[in-house]
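# Per-entry structural report
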Amino acid sequence: MSLKNIRLEVMQHLEKDVDQLIEKYLIPVDNIWQPTDFLPNSESDNFYDEVKEIRELSKELPYDFWVVLVGDMITEEALPTYESWLMDVEGVGQMERNGWSKWVRHWTAEENRHGDVLNKYLYLSGRVNMREIEKTTQHLIADGFDIGTGQDPYKNFVYTSFQELATYISHNRVAKMAKKKGNKQLSKMCKIISGDEMRHHHAYSEFVERIFAVDPNQMMMAFHYMMKQKIAMPAHFLRESGDKISTAFEEFSNTAQRIGVYTSTDYVDILQKLIDRWDIGNINNLSDEAEKARDYLMKLPSRMLRIAERMTIPENSYQFKWVEPARLK
């Protein structure tokens, strides 16, 4: 049997539990928070006063903070790319709907709120150039992405397990920074987004756990493949208006590292957490090839940490079109 057919068989085997997993990890629409819970009520007589408060509190936040918040928002707004990619994964029924396509649609519906609330907040803050941000968002969706997973569900679930934890870290750190600056509402907003990301991380990690239980050799090989090629961030094709895909993502990453929102050390920590979560050191009866893959993975965090410790981040702030220093004075 081909690897593709084996993966399809495993996905079909696990599909019977997807409804249970949706109930475990996702929250019904009527019970979950919505963007308006954290934003001024446009129907209220106090709307303009609440907007004024947002604009006043926003003056306390520095340039690099705004760059990271904008980059996080743009990443969230590119959700159409992520959904279309996942709906094309082997075993996900795009035409004949199945449990996996139901998961992807419901997950997308939850994630969609993140970009909505951050977008509206940035618009009301008056501190950023929304037209330039909107152009970047449109570019990112139009350019798409290639995360190196193909249609392989095993590789895609490794990717999403990793990436959801990375976004948790980023949003959670932004929340803490906003709180230190006295911006409690923005802090609460980013904190609750990070909570969603952590739930989703646990969900995708459980998908991988379940695959390890029935197909450990190929799941180990998929994990090895993804970490050897390195996890590409969702916004790795980020670009500003008038530019080709070039330095924007690198500069955004430098900014996130410089202020400690998401660093190369965090990347290593996430890898170690996945190794521990999936307990790959204690998986038995592996093939010789899978054993070699496991050995590589077990040694990888220490190797990567040595590299991360030697990295230097530029001190100067790249001038993004999204955030004009004159607006922050």
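Here's what I pulled together on the structure shown here. (Residues numbered from 1 in each chain as written. Predicted model: local features only at pLDDT ≥ 70, side-chain atom pairs only at ≥ 80, totals over all residues. Heavy atoms only, no water.)

### Here's the deal with a positive patch on the surface
Quick note on the threshold: Residues enter patches when they are more than 30% accessible in relative terms and free of salt bridges; like-charged ones are connected within 9 Å and nonpolar ones (Val, Leu, Ile, Met, Phe, Trp, Tyr) within 5 Å. Accessible areas in this description were obtained via Shrake-Rupley with a 1.4 Å probe; residue shielding takes into account the shown protein chains only. Counted as salt bridges are all cases of a side-chain nitrogen of Lys or Arg within 4 Å of a carboxyl oxygen of Asp or Glu. As used throughout, the charge tally considers Lys and Arg to be positive and Asp and Glu to be negative, leaving His and the chain termini uncounted. A charge is said to be at NZ when it belongs to Lys, at CZ for Arg, at CG for Asp and at CD for Glu. Secondary structure elements are defined from DSSP: runs of H or I of at least 4 residues count as helices, runs of E of at least 2 residues count as strands, and each element is numbered from the N terminus.
Among the surface-exposed residues, Lys176, Lys179, Lys180, Lys184 and Lys191 lie close enough to one another that they form a single positively charged patch. Secondary structure elements with two or more residues in the positive patch: helix H8 (153-180) and helix H9 (184-214). It is H8 that contributes the most residues to the positive patch, three residues altogether. Tracing the backbone through its elements, the reader meets Lys191 in helix H9.

### Points about unusual backbone geometry
Let me state the cut-off plainly: Think of it in three bands: with a 1.4 Å probe and only protein chains considered, a residue is buried below 20% of the maximum accessible area for its type, exposed above 50%, and partly exposed in between.
The phi dihedral of Asp279 falls on the positive side, at around 50°, and the residue is not glycine. Within the secondary structure, Asp279 sits in the loop between helix H12 (264-277) and helix H13 (288-310). Classification of Asp279 as partly exposed rests on a relative accessible area of 38%.

### Overview of the packing of aromatic side chains
Quick note on the threshold: A pair of aromatic rings is counted whenever rings of Phe, Tyr or Trp (Trp by its six-membered ring) have centres within 6.5 Å, and the orientation is called stacked for planes under 30 degrees apart, edge-to-face for over 60 and tilted otherwise. Only lysine NZ and arginine CZ atoms are considered, and such an atom sits over a ring when it is within 6 Å of the ring centre and within 35 degrees of the ring normal.
Counting across every chain of the model gives 19 aromatic pairs. Residues Phe47 and Tyr48 carry aromatic rings whose centres are separated by 5.4 Å and whose planes lie at 70° to one another, so their mutual orientation is edge-to-face. For Tyr48, a relative accessible area of 67% gives the class exposed. When the centroid spacing of 5.3 Å and the interplanar angle of 80° are considered together, the rings of Tyr204 and Phe207 count as edge-to-face. Of the two residues, Tyr204 and Phe207 both sit in helix H9, three residues apart, roughly one turn of that helix. Grouped by ring-pair contacts, the aromatic residues Trp100, Trp103, Trp107, Phe157, Tyr204 and Phe207 constitute a single cluster. Across from the ring centre of Trp33, 4.0 Å away, lies the NZ or CZ of Arg113, which sits over that ring.

### Comments concerning H12
Counted only if it meets this: What a helix should span is 1.5 Å times the count of its residues minus one. The contact criterion used is simple: two residues touch if any of their non-hydrogen atoms lie within 4.5 Å.
Here H12 is 14 residues long and its end C-alpha atoms lie 20 Å apart, about the 20 Å a rise of 1.5 Å per residue gives. Taken as a whole, H12 has its buried residues at Ser264, Asp266, Tyr267, Val268, Ile270, Leu271, Leu274 and Ile275. For H12, the secondary structure elements touched by its buried residues are H8, H9, helix H10 (216-229), helix H11 (248-258) and H13. Downstream of H12 by one or two residues, Asp279 has phi in the positive range, about 50°.

### Digging into the nonpolar core
This is how it is decided: Side-chain atoms within 4.5 Å link the members of a nonpolar core, which is a set of buried Ala, Val, Leu, Ile, Met, Phe, Trp, Tyr and Cys residues.
Residues Leu69, Trp103 and Phe223 are the most contacted members of the largest nonpolar core, which totals 104 residues. At 11 residues, H8 tops the list of elements feeding residues into this core. Setting aside chain neighbours within four positions, we find Leu69 in contact with Leu118, Tyr121, Leu122, Val174, Leu186 and Cys190.

### Points about the side chain of Gln163
Looking at where Gln163 falls in the secondary structure, it is placed in helix H8. If we skip the residues at most four places from it in the chain, Gln163 touches Ile231, Ala232, Met233 and Pro234.

### A look at the side chain of Thr137
Tracing the sequence through the fold places Thr137 in helix H7 (residues 130-143). Non-local contacts of Thr137, meaning those with residues more than four positions away in its chain, are made with Ile74 and Glu77.

### Looking at the environment of Ile22
Tracing the chain through its elements places Ile22 in helix H2 (residues 18-25). A residue is classified by how much of its surface remains accessible, and Ile22, at 10% relative accessible area, is buried. The spacing of Ile22 and Asn217 is 195 residues in sequence and 27 Å in space, taken between C-alpha atoms. When sequence neighbours within four positions are dropped, the list of residues in contact with Ile22 reads Lys102, Trp103 and His106.

### Let's talk about the pattern of salt bridges
Within this structure, the stated rule accounts for 16 salt bridges. With a shortest N-O distance of 2.7 Å, Arg239 and Asp143 are connected by a salt bridge. In this pair, Arg239 sits in the loop between H10 and H11 while Asp143 sits in helix H7, placing the two residues 96 residues apart along the sequence. On the accessibility criterion, Arg239 (18% relative accessible area) is buried. With a closest N to O distance of 2.7 Å, Glu209 and Arg277 form a salt bridge. Highlighted residues: Glu209 in helix H9 and Arg277 in helix H12, separated in sequence by 68 residues. According to the relative accessible area criterion, Glu209 is partly exposed, its value standing at 29%. On the basis of relative accessibility, which here comes to 26%, the residue Arg277 falls in the partly exposed class. Counted as one network, the salt bridges with shared partners bring together Lys16, Asp17, Lys24, Glu206 and Arg210.

Read these as geometric descriptors, not functional statements.
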